[in-house]
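Here's the letter readout for the chains.
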Amino acid sequence: DFTVRHPLTGKRMYWEHFGLMDKQDYRNSACKKIRLYCDNGIIPSIDLIATFETADHPLDVERVEKIIQEFLL
């Protein structure tokens, strides 16, 4: 969904948000997309930030802020 650069190191990172993980077809597509990243040397938690949500477990602002702190600051 997004390409971001670390403000200090300049390292390029990708951020994918998978927002419909409670739907089987979407979930299957998300797994394929993650595999495609891996096949191209883009590794989750190193080069790829991935966030997920379902109707019962929405992504909230506090979690996003923690992710930004962890990966980008």
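Higher on the page you've got the structure.
Worth saying up front: this structure is predicted, and the values here are computed from it rather than measured.

Colleague: Could you clarify how one ought to interpret unusual backbone geometry in this entry?
Modeller: If a residue is not glycine, its phi is most likely negative; likewise, a peptide bond is most likely trans. Even without being glycine, S45 reaches a positive phi, approximately 70°. One can find S45 in the loop between α1 (24-39) and β3 (48-52).

Colleague: Help me understand helix α2 (residues 61-72) in this model?
Modeller: Residue pairs spaced three or four apart in an α-helix point in one direction, given the helix's 3.6 residues per turn. Taking 1.5 Å per residue, 12 residues should reach 16 Å; α2 reaches 16 Å between its end C-alpha atoms and fits that length. Those residues of α2 that fall on the buried side of the exposure criterion are I67, F71 and L72. In a view along the axis of α2, the buried residues occupy a sector of 85°, so they form one face of it. α2 presents E62, K66, Q69 and E70 as exposed residues on the side facing more than 90 degrees away from its buried surface.

Colleague: Teacher, can you tell me more about the side chain of H6 here?
Modeller: Among the secondary structure elements, H6 is positioned in the loop between β1 (2-5) and β2 (12-18). Look past the residues within four positions of H6 in its chain and what remains in contact with it is K11, F71, L72 and L73.

The rules behind these values
Residues numbered from 1 in each chain as written. Predicted model: local features only at pLDDT ≥ 70, side-chain atom pairs only at ≥ 80, totals over all residues. Heavy atoms only, no water. Helix = DSSP H or I, 4+ residues; strand = E, 2+ residues; numbered from the N terminus. Expected span 1.5 Å × (residues − 1). Buried < 20%, exposed > 50% of the residue type's maximum accessible area, 1.4 Å probe, protein only. Arc of directions from axis to C-beta. Contact = heavy atoms within 4.5 Å.

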